[in-house]
Amino acid sequence: MTISRRTIALAAGGVLLALVPPVAALTNQPFYVDLFRRVMIFALAAVSLDLILGYGGMVSFGHAAYLGIGAYAVGIPAFYGVDNGWLQWGLAIAASALAATVIGAISLRTSGVSFIMITLAFAQMLYYLGISLETYGGDNGMRLSGRSRFGGPLDLREPAIFYYVVLAILVLFLALGNRLVASRFGMVIRAAKSNEPRARAIGFSLFRYKLTAFVIAGGAGGLAGALLANQTEYLTPDFMHWTRSGEIMFMVILGGMGTLFGPVIGAVVLLLLEDVLSALTAHWQIILGPILILVVLFAKRGLFGLLVGAEPRDG
Amino acid sequence: MADALLAIRGLSKRFGGLLASDRIDLDVARGETHAIIGPNGAGKTTLISQLAGDLRPDAGSIRFADQDVTRLDAPHRARRGLARSFQVTSIFRDFSALDNVALAVQAHTGQSFRFWRAARAEPALREPARAALEAVGLGGRAHVRAANLAHGEQRQLEIAMALATEPRLLLLDEPVAGMGLEESQRMVRFLATLKRRITIVLVEHDMDAVFTLADRISVMVYGRIIATGTPPEVRGNEDVRRAYLGEDQA
């Protein structure tokens, strides 16, 4: 059995990410632990969006809503002195999965532009809900009194430990996602993306499969939100702003829709470019924009496609 | 008809000012191959779409296997054994031919809320799919991306997908449209092998195919069925000659 370029690229990516904390410590640049942790948190959100966008063809323009719900699920208990991480993160997943159930149940009855607009509208509603929560800081948001506590050696105040927790979650989610898209369930949502009338004509009642995928993606987005609140130790309604949803979608498109691993590259490249370019000029988006346009125009499967070439078909 | 697999009563569908289905009554017997012919715009595809569950009729009823299916949607009807092919080829283009048929097998064999095991490694899906591909003559093309198949092969693939759902009734909307002479003859020969085993409703413009395959023919004009009968009966029917077949074909 030959080892594919894809396997090599994935292994290399995993090793590189795992090496960030020791390298940062050796070079005395702790800032990079912080930066790459942030990258991986957004990567988790982007990978979860890719499940429904890249595989299921559901162009959800409100994925940041789950980031926000996950962040508030950490922030609000912390506000009342509840800092148990299992409880906070569990609540983050449950609350965002529940929100995804409601949003999905309504928006999945539409398709095309209507679907995009409805998911966007729901996210903006939650954004304004966040602003109206005066107790929790309104539009200023609120500072987190401390990071989630798990007891034992899992102390998130330790930057490297928090880093490896995020890396482990990302790797686990990628592994689960990789199984999911190749499973019977995965084949159904991919068939729905490829040709919906045909999928219905052979007997798939698509709504429940799409809704399930939507809820899985929402739950993972919520977990990313819980991580993000711990990352910044601060949360604001801005987590849910539509520009944030757009940013996550850009990561997916830049990295490669329907590649699962591509959005990780998308998150790395987008956030690093943002970091590097914003140090050069305040108008860094003028440089970022054309780069995105070039990738969209010339790399069909995004940066991941450029890296590993066309996916071999084993069907 | 007592032994009708499909019984249509008073089926009507209006698009604005156009009555696309006008109180259609039609029985299709078990094992029968029933062709529906008529000029363009007669409402044949509208009828097929209502039978498949893609269009809701304004009035009337459709009974399939002694049950009223008028209110069921397309996936539910498919799972009860009502399979269709589309007038314009409709396949999963980015999947291999084998994947296409395996998906149909999966849809038919039920459980798809399975998240772990690789679907492409399941013999329960792959083997029946392979058999269906062999049956339509695509055995050697199993791993070709469906988009890269020739037009005629894509039509064969659609039939293989329909067959993989083990249908009791096959709705074929112009199965030989756009095919070359040789391809279309091969398709007709293949469809002939399905006769008796599967009940078929066939919409087709190719009169050679219709008169070769059909046990009975219904003629549609302006949303109405103006005649139903055996091929010789229909050929001899004055109304049909006037309304449809025309001097050059009759």
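Residues numbered from 1 in each chain as written. Chains lettered and ligands numbered in written order. Predicted model: local features only at pLDDT ≥ 70, side-chain atom pairs only at ≥ 80, totals over all residues. Heavy atoms only, no water.

A. Up close: empty space enclosed by the protein. Inspection of every chain in the model, using the stated rule, returns two cavities of 30 Å³ or more. Along its surface, the largest cavity is lined by Ala201(A), Ala52(B), Ala74(B), Arg77(B), Ala78(B), Leu82(B), Ala83(B) and Arg84(B). Looking at the lining of the largest cavity, the elements with two or more residues in it are helix 2 (74–79) and strand 6 (82–85) of chain B. Partitioned by chemical class, the residues of the lining of the largest cavity number six nonpolar, no polar and two charged. (1 Å grid on protein atoms, 1.4 Å probe; cavity = no way out; pocket = protein on both sides within 12 Å on 5 of 7 lines; lining within 4 Å. Points joined across faces, edges and corners; volume = space filled by probe spheres on them. Helix = DSSP H or I, 4+ residues; strand = E, 2+ residues; numbered from the N terminus. Nonpolar A, V, L, I, M, F, W, Y, C, P; charged D, E, K, R; others polar.)

B. A look at the environment of Gly81(B). Residue and element names in this part refer to chain B. Tracing the sequence through the fold places Gly81 in the loop between helix 2 and strand 6. Sequence-wise, Gly81 and Gly223 are 142 residues apart; in three dimensions their C-alpha atoms are separated by 26 Å. For Gly81, the residues in contact, after removing those within four places along its chain, are Phe64, Pro167, Arg168 and Leu169. (Contact = heavy atoms within 4.5 Å.)

C. A look at the side chain of Ser48(A). Residues and elements named next belong to chain A. Along the chain, Ser48 falls in helix 2 (residues 31–55). Reaching out from Ser48, the side chain makes a polar contact with the backbone oxygen of Ala45 at a distance of 2.7 Å. Contacts of Ser48, omitting those with residues within four sequence positions, involve His63, Phe173, Ala217, Ala220 and Gly221. (Polar contact = N/O pair within 3.5 Å; in protein donor to acceptor, adjacent residues only side chain to side chain.)

D. Here's a closer look at the sheet that holds strand 6 of chain B. Residue and element names in this part refer to chain B. If you walk across this open sheet you meet the six strands as 6-7-8-3-9-10, and the pairing is mixed. Each having just a single partner strand, strand 6 and strand 10 (224–229) make up the two edges of the open sheet. Here the strands of the sheet are splayed against their neighbours by 15° on average, with no regard to which way each runs. With four bridges joining them, strand 3 (residues 33–37) and strand 9 (residues 216–221) adopt parallel strand pairing. Bridge pairing in strand 9 links Ile37 to Val219. (Pairing = 2+ DSSP bridges. Axes fitted to C-alpha atoms, helices over the stretch in contact; angles between N-to-C directions.)

E. Molecular detail of the interface of chain A and chain B. Facing 29 residues of chain A, the contacting portion of chain B comprises 42 residues. Each partner contributes to the roughly 3200 Å² buried at the junction of chain A and chain B, and carbon and sulfur atoms together form 57% of this total. At the boundary of chain A with chain B, the tally comes to two salt bridges. With a shortest N-O distance of 2.6 Å, Glu158(B) and Arg198(A) are connected by a salt bridge. For the pair chain A and chain B, the number of links is 15 residue pairs in polar contact (both at pLDDT 80 or more). When residues of the side of chain A that touches chain B are traced back to their parent elements, those giving at least two are helix 6 (159–182), helix 7 (184–194), helix 8 (196–201) and helix 9 (206–232) of chain A. Examining the composition of the side of chain A that touches chain B, we find that seven residues originate from one element, helix 7 of chain A, more than from any other. (Buried area = accessible area lost by both parts, 1.4 Å probe. Salt bridge = Lys/Arg side-chain N within 4 Å of Asp/Glu carboxyl O.)

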